Amino acid sequence: MTLSAQPLSAAQVDEIMARQPDVFRRPFHKRFAAPLAVAAVTAYCIYAFWFFSIGQVFANGNWNIAGTYLADWVSYEVRPDIEYRDGEIEVTFPRFSPLGENPDPDWIETEQGTVTVIVDRPADNSASAAPASGSFMSPNSDATLTAEDNALDGDAAATPADEGFSFMSPNSDATLTAEDNALGGAAPAADEAVVTETRQGIARALVSIYERGTIDVTPDRVIVTRYNGTLEVLIDRENEQVLPQGPLPDWATQRAPGAKVFVDFGFYGRAEIRHREVKVNRRFLGWENFVFDPASPYWGLGFGEVIGKAFGPPIEEGRSNFGIMWENIVYNAEWQHGDVWIKLLQTIVMAFVGTLFAVFIAFPLSFAAARNITPNRFVNQILKRFFDFLRSVDMLIWALFFTRAFGPGPLAGISAIFFTDTGTLGKLYSEALENIDDKQREGVRSVGAGPAAVQRFGVVPQVLPIFASQALYFWESNTRSATIIGAVGAGGIGLKLWEAMRTNQDWENVFYMVILILIVVFIFDNVSGALRARLVGRQAG
Amino acid sequence: MASTDLHDPDAYVRNGRYDVDRHWRDLVRQRRLYTGLSLGILFVALFASLWFANETNAGKFFDRLPHFFDFVGGMIPRDGWEVWRALFDLESPYYDGSFKYDYPDGRVYFWGTWYVPEYMHKMVETLNIAILSTLIGFIFGFLLCFLAATNLTTTRWLRFFVRRFMEFLRAFPEIVIAGFFLAIFSLGPVPAIIAVSIHTIGALGKMFFEVVENADMRPDEGLRAVGANWTERVWFGIVPQIMPNFLSYTLLRLEINVRASTIIGAVGAGGIGEVLRLSISRGHEAKTLAIILLLFVTIVAVDQLSAWLRRKIVGDQAFQFGA
């Protein structure tokens with residue numbers, strides 16, 4: 001055939017169009033389906049954007065915290081305080097520090113030197129009657145800091161500090177005035193000078209934040225180095241001022257002149273330079289004290305040392321070393337391994353028992369609901385509507401309902417899964433029964449089998465693989481649902497997860513539990529997939 | 001099967017005769033043994049699980065059973081009309097200043113004295129969460145699925161990466177995503193949208209790429225022959241034939257997402273789930289029944305609508321069950 005280069009005549013075009021009406025004269029909704037769909041989706045998105053005020057929510061989101069929380073999943077912070085209020089440097093760690101009691105990490109170096117220490121500070125208190133009183137009484141004086149000062153002063157000036165501490169109240173002015181009066185009676189001498197003592201002590205502390213930077217602390221001056229930039233901050237302890245020298249680099253911020261300076265090292269940590277201390281947060285990759293907490297005798301040892309200690313002389317009379325080791329792991333205060341494992345097992349049990357019960361109930365009921373097995377329309381319809389009811393009253397409603405009834409715990413979860421899945425499985429099973437091949441039933445019946453034998457040998461062998469496969473599928477998917485309904489109070493790991501998240505402190509624990517859940521889901525997926533593949537052949541997997 | 005002996009007919013040949021009867025009896029005996037063993041293990045596991053669940057529950061089953069019936073009895077409202085009043089935010093004759101009967105306080109006015117009853121507004125919110133996250137899931141699942149299909153993506157590592165990524169999105173507990181974004185955005189529906197969307201991307205992506213892998217490759221071959229590039233091959237060769245299946249799976253997902261967004265709402269992300277949890281825990285029976293009724297009607301309506309649409313789009317083959 002030769003291709004004709006001649007254009008088609010109008011008549012020919014008309015003829016072709018008349019011959020192919022579904023190509024050339026498609027209905028409007030078919031011709032413009034794609035643009036219409038895009039327009040509808042766009043309109044809906046705009047509506048949703050307005051409905052949920054998404055722009056505003058995103059703008060108000062606390063994105064800085066998001067970074068910290070995410071970092072908390074895989075790392076932890078150590079928060080030493082380097083105090084220099086009295087002229088001598090003291091490095092303290094908060095209680096329950098991941099480093100245990102009395103830590104001496106190698107990333108904080110201290111240097112001995114001559115220090116002038118304020119031994120007694122009457123001026124600090126009586127000064128309030130003198131010129132400095134203005135700053136004390138003013139409403140914008142930092143109430144908490146002042147109260148804290150007194151509390152921290154404990155060693156140097158025991159009695160007045162205790163006095164002040166006991167007066168501490170939410171109302172700053174009241175506290176300070178009361179304190180003034182009390183101390184005014186005890187130490188009336190207004191011109192008494194600060195009593196100092198010069199002696200040997202820690203004069204300098206050097207904190208290194210990996211290779212990223214250093215914080216060099218002396219009582220009067222803090223020098224922060226980050227990459228190649230340097231920030232020098234003078235500390236005016238008398239007037240409670242923090243004075244950065246020169247312009248602030250972009251990694252440091254100060255809210256008001258004289259106020260504390262924030263220094264940011266990114267992921268690796270941050271520091272707050274205050275007029276009486278430097279608060280350092282240094283971040284470490286990993287999960288701290290994952291196996292043993294600092295209270296354990298095995299804490300801080302390497303693997304070999306732990307084994308050595310376990311085989312060594314008894315740590316405690318009357319108990320084996322391995323027993324102590326196991327108990328220390330299970331009752332680890334920070335990670336609560338034992339509790340987490342129990343809760344995870346609860347979730348697994350919830351899914352397992354709930355699905356199994358649902359199968360036990362749905363199996364006989366589905367025979368009564370299938371119209372080819374039970375030729376009674378009334379019974380069929382009643383049962384089918386009952387299945388629909390169980391299914392459509394959401395798993396959440398059942399979970400809340402049973403939590404209220406049985407109290408929080410796996411019983412509520414089991415009941416919720418059982419009720420919902422009896423509905424779903426009953427529906428699926430009766431549909432499967434209605435689709436069976438009738439010839440086998442006929443064959444069994446034709447040799448004179450009774451009604452029960454007809455079901456047993458004519459129906460069950462056909463549907464059993466499908467039933468089992470669907471049951472396995474629901475077992476697998478319920479393991480996932482059980483996590484979620486747990487959070488509304490039905491027990492299990494979901495509740496534990498939710499509690500850990502609500503405090504915003506334990507994101508590493510959340511991640512630990514997520515990993516455990518992912519492992520369990522992965523194993524169950526594969527086990528159930530493999531079993532289903534064996535039951536019904538490859539295509540069902 | 002473990003014993004090869006049983007499956008070897010030659011083992012049953014004695015004196016030149018194959019004893020089929022004995023072979024059959026042995027096989028049946030072995031099968032009965034296995035069935036009995038599996039059932040035994042199943043029941044031991046079941047009873048151990050039940051014991052464990054009862055032990056670790058806050059209240060023991062038989063101690064709590066009377067409370068259960070008390071609770072069910074406590075769910076009966078003072079009169080039948082209370083449920084309707086709660087549902088439509090009408091004044092209650094029992095109003096005593098408490099939260100229990102303050103139905104009109106929940107009204108959402110939008111025009112003068114016209115209002116949407118509180119629970120319907122919340123239901124719309126939950127439905128919107130479900131629809132929006134299904135939409136987001138559809139868009140991203142659609143974009144990802146072609147990269148995960150063996151017949152369209154020949155780069156092994158890309159396929160592997162996309163598949164693992166979707167698996168990860170699917171398996172990651174929704175509750176954790178919701179909790180994390182609740183910490184950032186504070187309470188509200190946006191965390192629920194994000195959590196449900198992320199899960200939907202993974203779930204739909206998996207369904208989609210399986211559909212793509214089963215697609216007829218002849219249109220693709222034709223397009224390749226005339227020199228179409230990858231995007232054109234996908235858009236003109238694959239998309240037209242898979243679109244009905246995609247839409248059907250998306251509608252199925254929408255049904256699941258309505259339930260999921262209700263549940264996520266109950267843990268603090270707004271919508272009907274949250275008001276339901278509050279009213280159940282406070283023991284407001286009329287409000288609880290009104291919400292359950294509304295939720296029930298909505299879920300049935302969404303299921304029916306979706307089933308009808310799916311039947312229109314793909315015919316009866318859409319009724320295979322999947323997640």
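What you are looking at is a predicted structure, and each value in this text was computed from that prediction instead of being measured.

(A) Highlighting the overall build of chain A. Along its length, chain A carries 21 helices and 13 strands. The buried share of chain A, reckoned over its 541 residues, is 31%. Within chain A, counting contacts between residues at least 6 apart in sequence, those at least 24 apart form 62% of the total.

(B) Focus on the interface of chain B and chain A. If you look at the interface, chain B gives 49 residues, while chain A gives 54 residues. Where the side of chain B that touches chain A is concerned, the elements lending two or more residues are α1 (20–56), α2 (61–74), α4 (118–148), α6 (174–185), α7 (189–213), α9 (230–269), α10 (272–282) and α11 (285–314) of chain B. In terms of residues, the side of chain B that touches chain A owes the most to one element, α6 of chain B, which gives 8 residues. For the side of chain B that touches chain A, the residue count by class is 33 nonpolar, 11 polar and 5 charged.

(C) The arrangement of the environment of Thr 56 of chain B in detail. Relative to the elements of secondary structure, Thr 56 of chain B occurs in helix α1. Using a count of 17 C-beta atoms within 10 Å as the deciding quantity, one classes Thr 56 of chain B as partly exposed. Considered as a pair, Thr 56 of chain B and Lys 206 of chain B are 150 residues apart in the sequence and their alpha carbons are 37 Å apart. In this view, Thr 56 of chain B contacts Ile 342, Gln 346, Gly 409 and Pro 410 of chain A; residues no more than four positions away in its chain are not counted.

(D) Just the domain arrangement of chain B, in detail. What the domain assignment reports for chain B is domain 1 (5–56) and domain 2 (118–319). Here domain 1 of chain B and domain 2 of chain B have C-alpha centroids that lie 43 Å from each other.

(E) Representation of the pairing of strand β11 (residues 261–264) of chain A. Residue and element names in this part refer to chain A. Of the two faces of β11, only the one carrying Val 261 and Val 263 is buried; Phe 262 and Asp 264 on the other face are not. Pairing between strand β10 (residues 252–254) and β11: 3 bridges, direction antiparallel. Within the sheet, the bridge partner assigned to Gln 254 lies in β11 and is Val 261. Taken together, β10 and the strand that follows it, β11, pair antiparallel across an intervening segment of 6 residues, in which Gly 258 is found at a positive phi of about 85°. Examined bridge by bridge, β11 and strand β12 (residues 269–273) share 4 bridges and lie antiparallel to one another. Looking at β12, one finds that Val 263 is bridged to Ala 271. As consecutive antiparallel partners, β11 and β12 are separated by 4 residues, and within that stretch Gly 266 has a phi angle of approximately 70°, a positive value.

(F) Inspection of the packing of α4 of chain B against α7 of chain B at higher detail. Residue and element names in this part refer to chain B. Running from N to C, α4 and α7 point in directions that differ by 40°, and their axes come no closer than 6 Å. Considering the angle they form, α4 stands oblique to α7. Judged by the sense of rotation from one axis to the other, the crossing of α4 with α7 is right-handed. Partitioning the contact of α4 with α7 into residue classes produces 19 nonpolar, 7 polar and 1 charged.

Parameters at a glance
- Residues numbered from 1 in each chain as written.
- Chains lettered and ligands numbered in written order.
- Predicted model: local features only at pLDDT ≥ 70, side-chain atom pairs only at ≥ 80, totals over all residues.
- Helix = DSSP H or I, 4+ residues; strand = E, 2+ residues; numbered from the N terminus.
- Buried ≥ 20, exposed ≤ 12 C-beta atoms within 10 Å, placed from the backbone.
- Contact = placed C-beta atoms within 7 Å.
- Nonpolar A, V, L, I, M, F, W, Y, C, P; charged D, E, K, R; others polar.
- Domains from an automatic or database assignment.
- Pairing = 2+ DSSP bridges.
- Axes fitted to C-alpha atoms, helices over the stretch in contact; angles between N-to-C directions.
- Parallel < 35°, antiparallel > 145°, perpendicular 65-115°, else oblique.
- Left-handed = near helix turned anticlockwise from the far one by under 90°.

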